[in-house]
Amino acid sequence: MTTNMAAGTQAGVTGRRAEGAGTTLRMRAVSRSFGAVRALDNLSLEVAPGELVALLGPSGCGKTTALRIVAGFEYADSGTVTVDGKDISPVPAAKRDMGMVFQSYSLFPNMTAQDNVGFGLRMRKQSASSRSKRAAELLDMVGLSAQARQYPHQLSGGQQQRVALARALAIEPSVLLLDEPLSALDAKVRLQLREQIRSLQQRLGTTTLFVTHDQEEALSISDRVGVMKDGRLEQIATPAELYERPATTFVAEFVGTMNRIPGSYQGMDGVMVLGSVVPVHGGRPDDLAGEIDVLVRPEGLTIQATPGGNGIVTERTFLGSLTRITVLLSGDVSVKVDKTSAAATDLVPGASVQVGVVGGEPVGVTARH
Amino acid sequence: MATIASAEQADTEVPAKAGRPPGRRRRWAAWRWAVLLIAAVFFGIPLYSGLKFAGFKAFTQVIGYQQFGSAFALSLRLALIATVLTLVLMVPTSVYVHLRLPRTRRFMEAITILPIVIPPIVLIIGVLKAAPGFLIATPNLLGLEYVILSMPFAYRSLDAGLRSFDVRTLVEASNSLGAGWPTTLWRVVIPNLRTAIMSATVLTVALVLGEYTMASLDNFQTFPVWIVNFEQNSGPVSVAASLLALFVTWLLLMLIVTVGSRSARKHGGAQVTLFSVGIQQVSRTRGESE
Ligand SMILES: Nc1ncnc2c1ncn2[C@@H]1O[C@H](COP(=O)(O)OP(=O)(O)O)[C@@H](O)[C@H]1O
Ligand SMILES: [Mg+2]
C-alpha cells in the first residue's frame, strides 16, 4: 500500500486545490435534540483551512449528529454552520460540496470501483473521458488501480473504504467528513488506512472533520482533537495538550490511560499521595478540600520490587520497549505503571512492590469517587 | 410457484444445518423429500388431468379460437396499465416510507393487505358506485382496480428489496456527491431494487392474467373470463388455454429467479425472489488482509 501511494505522488496527482486555499469550517453554538435526548448541546468548533480535527467521544455523545448537521443530512435546532463565513443552513446536502465517508460500507453495489469514484464528477456533468481519467488518478492514489473494474462485493472491507475515500475526494470537496470510517475494519488494516487518510489529507490540504470513539486513532491522526461528552465539547486542543493538560476529569480519564489514586489536599503545597506531596495542575482548585482523588498517568508513577511494599503486582503486559504493570494497592485501588521492559523483569504477578509518584511533576485532582 | 418456494427454502437452510449430526440430517432430508412429493402430487394431478382432458390438438386450436385474440389483448393491455401505474406509484412511496416514515411500516403493511382481506365482490361494487362516469365504461377502470389488487404483492416485494441493502446510507452518499432526489432514485435506488421491481411486475402480471371476479362483474371479456365463457362451448380448448397461461406465468417466475440470482452474483448483496430476501454476506465474509 505504501509503495502504491509513493507511485501516486510521483504521478503528480497532488492537490488541484492550491496550498493554503483551503476552507474554514465553523460551527457556532449548534444544538439539536431528539425528543428528550439532547444530542448536541451548544457545540462550537472551528476547523482551519487544511486542518484535520477529530471529534472524539464515547458512543452516543453526538459525534455523528454533529457531522450530519455539517453534511446537511440533519438540521440544527439552533446555532449556525458556516463555510468560509457563509451560513450553509439553507444549502441542501447535494449542493454543499462536501465529501463524506461513512461508517458502514456505502459504495453503490451496482457500479464498479471506477464508476463509484466517478459518480460525483458525473453529477458535475464532466465528460466520460475526463471522469475516467480522474477516477483512475484517485484509485491510483489510494493504491487500487488494479481493482478499478471490480464491484464492491469483490473488494475487502479495507479496499471498499479506500474506494469510498477516493470517491469523496474526487469531487475536490471543500470539507471532508469522515464518520468512523475505520471502525468496521480489523486492526492491521485500520492502522494502515488511517496513516493513508492522514497523508492524503495533508497532501491535498483538505479541511477535514474526523469522527471516532477510538482515542488512539484520534490522537495519532489529528492536528487537534475535540473531546465530546453528552453532546457538549469538553475540550478541544492538540493531542499533546489534551494528554498533558486535560481540562476536565472526563478528558483526563478518556484520553490515554489514567490512574485515580486517593490523596489528601494540603493547601498551597499541593496534594499528599502515596507518601509524597506533589504540586497540582493549573494551580489550586477552589471547590476541593480534604480527601480527594489524584489523577496520574502510568508514566507518572515509580515502581520498585520491595518486600513489604505498598502493593502487589496482579498483571503485566508487554508493550515492546515498555511493560505495563498492574498493581493492587491497599484500599482496593488498582493502578497501572509503565516501566522500561529491561527494568521490569522482577515485577511479576504476586511480587510485592513499592509504588510512588515521580517527585515534582504536577498531577490532576478531582473529587473523591 | 410452489416448487420455486420450496426449492428456495431448501437453499437457504443449508448453512444452518451444517452442524447437525448425520443421523438427524438424513431424517430431515427424508422429510423434505416427502413434503416435496406431497406438494408435487397435489399440484401435479390437476395439471396432469387437465393435460389429458385437453389433448394435444386443443393446444393448437387455442390461438385461432373465436375471440381469444381480443380477450388476450385486453388482458395484456390491462397488465401493462396495472404494472406501470403500480410501479410509478409504489416505488417512490415504498422508498419514502422506508426512509422517512420507518415507524409507519406496520401500518403500511396493514393498509396494503386490505385488498386481499376485502372480498373482490365488495371492492368492485364499491368501485362501480363511486367511479366517475367517464371511467366506468372503459377497461381503464379495470386497470385501476388491478392496481389496487396488486398493491399487497408489489408493496411486499419492494419492501423486501429495500430491506436487502442500506438504502439510507447509499442515498446520503449519493446526495453528498451532488445527486438530487430524481437522480438518486434513478441511478442508485432503482438499479439496486431491480429484482424486487421485477418481482412486483411478474406478480402484477400474473394477477391480472388470472383475475376473474372483477373482470366479469365489470362486464369485460378478459382472458380468464373468456376461458370460463368458452368452457361450455369447448372444454378442451379453454382448459388448454388456461394451462398455457399457467405455463407462461411459470416461465416468467423462473426468469425472475434466474435473473435475480445472476444479478446477486454479479453485484453481491441480497438475492431477492418475490417476497423473500436471502442476504449473501459476500463482502462481510471476505478476508480483510490485503
Ligand atoms: N434520528 C435520530 N432519532 C432519535 N434519536 C437520535 C437520532 N440520531 C441520534 N439520536 C440520538 O442522539 C444521540 C447522539 O447520537 P449520535 O450522534 O449518533 O452519537 P455518536 O455518533 O456519538 O455515537 C444518541 O442518544 C442517539 O440515540
Ligand atoms: Mg456515530
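Residues numbered from 1 in each chain as written. Chains lettered and ligands numbered in written order. Predicted model: local features only at pLDDT ≥ 70, side-chain atom pairs only at ≥ 80, totals over all residues. Heavy atoms only, no water.

### A look at the overall build of chain A
Per the secondary structure count, chain A includes nine helices and 20 strands. Each of the three principal axes of chain A carries a C-alpha extent, and together these read 80 × 45 × 35 Å. Counting the 369 residues in chain A, one finds 53% classified as buried. If you take every contact in chain A between residues at least 6 apart in sequence, the share linking residues at least 24 apart comes to 69%. On chain A, the mean spot of the 37 positive side-chain charges and the mean spot of the 37 negative ones are 9 Å from each other. (Helix = DSSP H or I, 4+ residues; strand = E, 2+ residues; numbered from the N terminus. Buried < 20%, exposed > 50% of the residue type's maximum accessible area, 1.4 Å probe, protein only. Contact = heavy atoms within 4.5 Å. Lys, Arg positive; Asp, Glu negative; His and termini not counted. Charge placed at Lys NZ, Arg CZ, Asp CG, Glu CD.)

### Looking at the overall build of chain B
From N to C terminus, chain B includes 14 helices and two strands. Counting only residues that meet the buried cut, chain B has 40% of its 290 residues in that class. Put simply, chain B shows about 15900 Å² of open surface, and 68% of that area lies on carbon and sulfur atoms. (Areas by Shrake-Rupley, 256 points an atom, 1.4 Å probe, with all protein chains shown as cover.)

### A word on the sheet that holds strand β2 (residues 37–47) of chain A
Pairing is antiparallel across the open sheet formed by four strands, whose spatial order is β2-β1-β4-β5 (chain A). Strands with a single pairing partner mark the edges of an open sheet, and in this sheet they are β2 and β5 (86–87) of chain A. (Pairing = 2+ DSSP bridges.)

### Digging into the interface of chain A and chain B
On the chain B side, the residues contacting the 35 residues of chain A number 28 residues. Interface of chain A and chain B: buried area, both sides summed, is about 2800 Å²; carbon and sulfur atoms make up 56% of it. Counting across the chain A and chain B interface gives one salt bridge. The partner of Arg 68 of chain A in a salt bridge is Glu 172 of chain B, with the nearest N and O atoms 2.8 Å apart. Where chain A touches chain B, the interface holds five residue pairs in polar contact (both at pLDDT 80 or more). Elements with a contribution of two residues or more to the side of chain A that touches chain B: β6 (98–101), α3 (113–123) and α5 (157–170) of chain A. In terms of residue count, α5 of chain A provides more of the side of chain A that touches chain B than any other element does, six residues in total. Of the residues that constitute the side of chain A that touches chain B, the class distribution is 18 nonpolar, eleven polar and six charged. (Buried area = accessible area lost by both parts, 1.4 Å probe. Salt bridge = Lys/Arg side-chain N within 4 Å of Asp/Glu carboxyl O. Polar contact = N/O pair within 3.5 Å; in protein donor to acceptor, adjacent residues only side chain to side chain. Nonpolar A, V, L, I, M, F, W, Y, C, P; charged D, E, K, R; others polar.)

### As for the sheet that holds strand β17 (residues 322–329) of chain A
What links the strands of a sheet is backbone hydrogen bonding, and the strands pair in either a parallel or an antiparallel sense. Residues and elements named next belong to chain A. The sheet built from five strands is open, its strands ordered β15-β19-β16-β17-β18 with antiparallel pairing. Each end of this open sheet is capped by a strand with a single partner; those strands are β15 (301–305) and β18 (333–340). The mean inter-strand angle of the sheet, taken between neighbouring strand axes irrespective of direction, is 40°. Note: strand β16 (residues 311–318) against β17, seven bridges, orientation antiparallel. If you follow Glu 315 over to β17, its bridge partner there is Thr 326. (Axes fitted to C-alpha atoms, helices over the stretch in contact; angles between N-to-C directions.)

### Quick word on helix α8 (residues 167–176) of chain B
Summarising burial for α8 of chain B: nine of the ten residues are buried, a large majority. Where α8 of chain B ends, the next residue or the one after it, Gly 178 of chain B, has phi of about 110°, a positive value.

### Regarding the site of ligand 1
Residues and elements named next belong to chain A. Around ligand 1, the neighbouring residues are Phe 34, Val 37, Ala 39, Pro 58, Ser 59, Gly 60, Cys 61, Gly 62, Lys 63, Thr 64 and Thr 65. Gly 60 is positioned with one of its backbone polar atoms (N or O) 2.6 Å from an oxygen atom of ligand 1. Note that an oxygen atom of ligand 1 is positioned 3.1 Å from one of the backbone N or O atoms of Gly 62. The element best represented in the shell around ligand 1 is helix α2 (residues 63–71), accounting for three residues. (Near = heavy atom within 4 Å.)

### Focus on the environment of Gly 364 of chain A
Residues and elements named next belong to chain A. By secondary structure assignment, the location of Gly 364 is in strand β20 (residues 364–367). Taking the C-alpha atoms as reference points, Gly 364 and Met 268, separated by 96 residues in sequence, lie 14 Å from one another. For Gly 364, the contacting residues outside a window of four places in its chain are His 281, Asp 293, Val 294 and Leu 295.

### Describing the packing of aromatic side chains
Two descriptors summarise a pair of aromatic rings, namely the distance from one centre to the other and the angle between the planes of the rings. Inspection of the entire model under this criterion finds six aromatic pairs over all chains. With a centroid separation of 6.2 Å and 15° between ring planes, the pair formed by Phe 223 of chain B and Trp 226 of chain B is classed as stacked. Taken as a pair, Phe 223 of chain B and Trp 226 of chain B lie in helix α12 (residues 223–231) at a separation of three residues, close to a single helical turn. The exposure class of Phe 223 of chain B is buried, given its relative accessible area of 3%. Its relative accessible area of 0% is what places Trp 226 of chain B among the buried residues. Through pairs of rings, three or more aromatic residues link up here, namely Phe 72, Phe 223 and Trp 226 of chain B. The ring of Tyr 75 of chain A has Arg 32 of chain A sitting right over it, with the charged end atom 4.2 Å from the ring centre. Of note, Arg 297 of chain A hangs over the ring of Tyr 243 of chain A, and the distance from its end group to the ring centre comes to 3.9 Å. (Phe/Tyr/Trp six-rings, centres within 6.5 Å; stacked < 30°, edge-to-face > 60°. Lys NZ or Arg CZ within 6 Å of the ring centre and 35° of its normal.)

### Observations regarding the pairing of strand β4 (residues 78–83) of chain A
All names here are of chain A. As defined by bridge partners, strand β1 (residues 25–34) adjoins β4 across five bridges and the pair is classed as antiparallel. Along β4, the bridge assignment pairs Arg 26 with Thr 82. Here two bridges tie β4 to β5, and the two strands are oriented antiparallel to one another. Bridge pairing in β5 links Thr 82 to Asp 87. Counting the residues between successive antiparallel strands, the hairpin from β4 to β5 contains two residues, one of them, Asp 84, with a positive phi of roughly 50°.

### Topic: the packing of helix α3 (residues 68–100) of chain B against helix α9 (residues 181–192) of chain B
Residues and elements named next belong to chain B. The geometry of α3 relative to α9 is characterised by a closest axis approach of 12 Å and an angle of 95° between their N-to-C directions. Judged on the interaxial angle alone, α9 and α3 are roughly perpendicular. Within the contact between the two elements, α3 uses Val 91, Val 95, Leu 99 and Arg 100 and α9 uses Trp 181, Leu 185, Val 189 and Ile 190. Class assignment of the residues belonging to the contact of α3 with α9 gives a composition of seven nonpolar, no polar and one charged. (Parallel < 35°, antiparallel > 145°, perpendicular 65-115°, else oblique.)

### Considering the environment of Leu 255 of chain B
Residue and element names in this part refer to chain B. Position of Leu 255 among the secondary structure elements: in helix α13 (residues 235–267). Judged by its relative accessible area of 47%, Leu 255 falls in the partly exposed class. With 57 residues separating them along the chain, Leu 255 and Met 198 place their C-alpha atoms 9.5 Å apart.

### Focus on the confidence of the model for chain B
Residues and elements named next belong to chain B. Taken over all residues, the pLDDT of chain B has a mean of 76, while the share at 70 or more is 78%. Mean pLDDT across the elements of chain B bottoms out in helix α14 (residues 282–285) (35) and peaks in α8 (95). This stretch, residues 1–19, has a pLDDT under 50; its non-local contacts, to residues over four places away or in other chains, come to 16 contacts. Of the regions scoring below 50 in pLDDT, residues 277–290 engages in 36 contacts with residues more than four places distant in sequence or in other chains. Taken over the whole predicted complex, pTM reads 0.79, whereas the ipTM for its chain interfaces reads 0.83. (pLDDT = per-residue confidence, 0-100.)

### Describing a nonpolar patch on the surface
On the surface, Phe 107, Ile 111, Leu 114, Ile 116 and Val 117 of chain B cluster together into a nonpolar patch covering about 470 Å² of accessible area. Relative to the assigned elements, Ile 116 of chain B resides in helix α4 (residues 105–117). (Patch = residues over 30% accessible without salt bridge, like charges linked within 9 Å, V, L, I, M, F, W, Y side chains within 5 Å.)

### Some details on the environment of Glu 291 of chain A
Residue and element names in this part refer to chain A. Take Glu 291: it is sitting in strand β14 (residues 291–296). We classify Glu 291 as exposed; its relative accessible area is 52%. For Glu 291, the residues in contact, after removing those within four places along its chain, are Gly 263, Ser 264 and Arg 368.

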